[in-house]
Amino acid sequence: MNFRTKHWRHVYALALVTLTGFALFLSSWRRVVGPFFAVVQWTHIVGGILYGIAIIGWSRFFYPWLPKKSDQRSPAYTRWGYFILIMLVISGAGLLVGPSPTRAIATVLHGLAAAALVIWAVWHLLTRLPLWKKPTGEWHVSRRRALRWFIAAVVAVPVVGGMPTLLTMLSGRLDGRGRASGALPGFVPYTVVNGFPDISRQHWRLWVHGLAQPHTFTWDQYAALPRRAVRIDFHCVTGWVVPHVEFAGVDLLEFLTTLGWHPEKHPWVTFYSGDGVYTDTLNVEQIRQYRPLLADSIDYQPLPRAQGAPVRLLVPHMYGYKSVKWLVGMAVSDHVIPGFWEQRGYPQNAYLGSYGLDFGQQPFQVQTHKKRGHLK
Ligand SMILES: Nc1nc2c(c(=O)[nH]1)N[C@H]1C(S)=C(S)[C@@H](COP(=O)(O)O)O[C@H]1N2
Ligand SMILES: [Mo]
């Protein structure tokens, strides 16, 4: 097969996997993708598997190796490209099927390889630019070439735009000391507003509506409540995992029960973020089964601002989007009020495995360490 055909077929396949990958990782893109999140996720996974089989199993037919005695570029150039792609395929497989610690490592490798691929691809694009000019010196823009550059731009803009988020995630994981954003290593501190709300304990209030009478807690009143800690693996639907992380705070079920909650009358609870936009919901069965926390501490430190300070919700064994950050209020109701991501097509019951991806999950178990309710 001719080199050009092979090359472009390969570029289109790669563009599909790259675009869907960044659409999964970047929350700005996930908002656009909305209800098609699962479609994008499966396109990325199935596409990635087929692509992996093609470049590992049939590399000679599928990967655009340069003709042996090419005078254009040294073969090292294409070998590096091949190496990066293999790393992406292997780490992708680790993300898909591994247990949490494997997935945590795979996240870093997948991110590193993705960053390397973007750098490689940008350099590749730039070094191809002179070909716009014909040897005779006149400009040559065929329709096909214009289309290809258009596709390249469509892929490059979001992908290059997503690099800072990717590099932030990687730097946090690699140096292991957290990042400028203040989040713990391994977490990708998402926000759907511009920046992270800055709510001091002094100014923070937690209101509860829908009960016989409304309640408002100050920090001091909240801090006097009985405490509990839970150790979990924190999963985001996008695939990243932070294994063995301990959150501490106030047990939601005990909290609401003490306030006189009648779940048979008002089985639904809606949680509100101080960012003014983000919400999420749980029902009484979910609260009884998963025992969420009002969490103010993570790995024995006060919750960092980027991760929802002073208090966030933490729903163990459900995907991260259920765990509302900068929690400022909750309301009980007799019907469901779909949360931010639920309005955009995510399942309300987001237990791990909702998307059928968590092959390595342990059976669910509530862990309580009554004495370890660290508060600083
Ligand atoms: N207020 C608010 N809470 C939020 C989000 C958000 O964007 N805004 N993102 C959710 C998602 S999708 C995830 S994965 C986790 C990320 O938690 P982290 O910031 O501790 O990494 O927060 C969840 N809670
Ligand atoms: Mo998430």
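The following refers to the structure shown. Here, residues in each chain are numbered from 1, in the same order as that chain's written sequence. Chains and ligands are labelled sequentially in the order written, the chains with letters from A and the ligands with numbers from 1. With the structure being a predicted model, the display of local features is reserved for residues of pLDDT at least 70 and the display and counting of side-chain atom pairs for 80 or more, all residues being used for whole-chain, interface and lining totals. With hydrogens and water set aside, each side-chain value is computed from the structure's full complement of heavy atoms.

1. Re the pattern of salt bridges
So, point 1. Salt bridge, as used here: a side-chain nitrogen of Lys or Arg that lies within 4 Å of a carboxyl oxygen of Asp or Glu. Enumeration over the complete set of coordinates arrives at seven salt bridges.
So, point 2. Note that D251 is salt-bridged to R228, the shortest N-O span being 2.8 Å. In this pair, D251 sits in strand 4 (residues 241-251) while R228 sits in strand 3 (residues 228-235), placing the two residues 23 residues apart along the sequence. Taken as a pair, D251 and R228 share a single burial class, namely buried.
So, point 3. Put simply, K322 and E342 hold a salt bridge, and the shortest N to O gap is 2.5 Å. Here K322, found in the loop between strand 9 (312-314) and strand 10 (327-333), pairs with E342, found in the segment after strand 10; they are 20 residues apart in sequence, far enough to count as distant.
So, point 4. Summary of the burial criterion: residues with accessible area below 20% of their type's maximum are buried, those above 50% are exposed, and those between are partly exposed, where the area comes from a 1.4 Å probe applied to protein chains only. With relative accessibility at 0%, the residue K322 sits in the buried group. In this description a helix means any DSSP run of H or I spanning at least four residues, a strand means any run of E spanning at least two, and both kinds are numbered starting from the N terminus.

2. Focus: helix 7 (residues 143-161)
Count 3.6 residues to each turn of an α-helix, and residues three or four apart come out pointing the same way.
So, point 1. With 19 residues, helix 7 extends 27 Å from end C-alpha to end C-alpha; this agrees with the ideal 27 Å at 1.5 Å per step.
So, point 2. When we look at burial in helix 7, the residues that qualify are R148, A152, V155, P158 and V159. Expected helix span is given by 1.5 Å per residue-to-residue step, counting one fewer step than there are residues.

3. Some points on the environment of L303
So, point 1. Here L303 shows up in the loop between strand 8 (301-302) and strand 9.
So, point 2. Separated by 55 residues in the primary sequence, L303 and A248 have C-alpha atoms spaced 9.5 Å apart.
So, point 3. The residues contacting L303, other than those within four sequence positions of it, are F247, A295, D296, S297, I298, G308, A309, P310, V311 and R312. Between two residues, a contact is recorded if the distance between any of their heavy atoms is within 4.5 Å.

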